[in-house]
Amino acid sequence: STNEPRRLLDVLSELEFVDILRNKSYKTRKLQEIYDAMKERKYTQSCTRIYLKILVVNLLSRKYNLNELLSMMNKILVCNESFESGKRHQALAHHVLAAAYYREGNLKESKKHSIKCLNLFNELGDTYKAIHLHNSKICNSGNIVLECENGDVFQTNDFVFDMRIW
């Protein structure tokens, strides 16, 4: 029990997200329930983070095509003060878009979004920049790999997905 209900929902969403990735189950029902609870309480920042996690799960599930993912992204971008004022959420959205375009084989658009992400993260540490710099230099399609799976060893044409959604 906690007297900070927002933080409890944030933690529950993190645990569920990690569990989904670890088990590769790619089911969003529990994340959606947590999102609904956050939305009901008007926790805008937390809603944005969990919605980005839902988008990542949907992307990795391969159940949705690019247009469906773009439509999902548009739902969170419309009238969202957390995107309008926050570089971090903008960068994370560009990272998801870069991965979606990469998965579809559109390396030009993927690179464009990776560079935007890199520019938005320019004030963060080198580990953040290294991933997006790598992704911006991809010349051929490969695989989408989670940053947490391979440590610092990435294949030249693999898109590295940074799982730090905070």
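Residues numbered from 1 in each chain as written. Predicted model: local features only at pLDDT ≥ 70, side-chain atom pairs only at ≥ 80, totals over all residues. Heavy atoms only, no water.

### Some words on the environment of Thr156
To keep it simple, the criterion reads: Starting at the N terminus, helices and strands are each numbered in turn, a helix being any DSSP run of H or I of at least four residues and a strand any DSSP run of E of at least two. We call a residue buried when its accessible area falls under 20% of the maximum for its residue type, exposed when it is over 50%, and partly exposed in between, using a 1.4 Å probe and counting protein chains only. Throughout, a contact is declared for two residues whenever any of their heavy atoms are within 4.5 Å.
With respect to the element layout, Thr156 can be found in the loop between helix H9 (147-150) and strand E2 (159-161). Its relative accessible area of 62% is what places Thr156 among the exposed residues. Along the sequence, Thr156 and Gly142 sit 14 residues apart, while their C-alpha atoms lie 8.4 Å from each other. Among residues more than four places away in sequence, those in contact with Thr156 are His134 and Ile138.

### Topic: a nonpolar patch on the surface
Note the following rule: Exposure above 30% relative accessible area and the absence of a salt bridge qualify a residue for a patch, where like charges join within 9 Å and nonpolar side chains (Val, Leu, Ile, Met, Phe, Trp, Tyr) within 5 Å. Each accessible area is a Shrake-Rupley estimate made with a 1.4 Å probe; only the visible protein chains count as cover when residues are assessed. A side-chain nitrogen of Lys or Arg and a carboxyl oxygen of Asp or Glu constitute a salt bridge if their distance falls within 4 Å.
Together, Leu8, Val11, Leu12 and Leu15 line one region of the surface with nonpolar side chains, adding up to about 330 Å² of accessible area. With respect to the secondary-structure elements, Leu15 resides in helix H1 (residues 5-23). Leu15 gets classed as exposed once you look at its relative accessible area, which sits at 55%.

### Thoughts on the nonpolar core
So the rule is basically this: Side-chain atoms within 4.5 Å link the members of a nonpolar core, which is a set of buried Ala, Val, Leu, Ile, Met, Phe, Trp, Tyr and Cys residues.
Ranked by size, the top nonpolar core spans 46 residues in total, and within it Met73 and Phe161 carry the most contacts. Elements with a minimum of two residues in this core: H1, helix H2 (29-40), helix H3 (44-61), helix H4 (66-77), helix H6 (87-103), helix H7 (107-120) and E2. Dropping the residues within four chain positions of it, Phe161 is found in contact with Val56, Leu59, His95, Val96, Ala99, Ile144, Val145, Leu146 and Glu147.

### A word on the pattern of salt bridges
All chains considered together, the criterion is met by eight salt bridges. With a shortest N-O distance of 3.7 Å, Arg6 and Glu4 are connected by a salt bridge. Here Arg6 falls in the partly exposed class, since its relative accessible area comes to 28%. Classification of Glu4 by relative accessible area gives partly exposed; the value is 36%. One connected set of salt bridges, linked through shared partners, spans Glu4, Arg6, Asp10 and Arg49.

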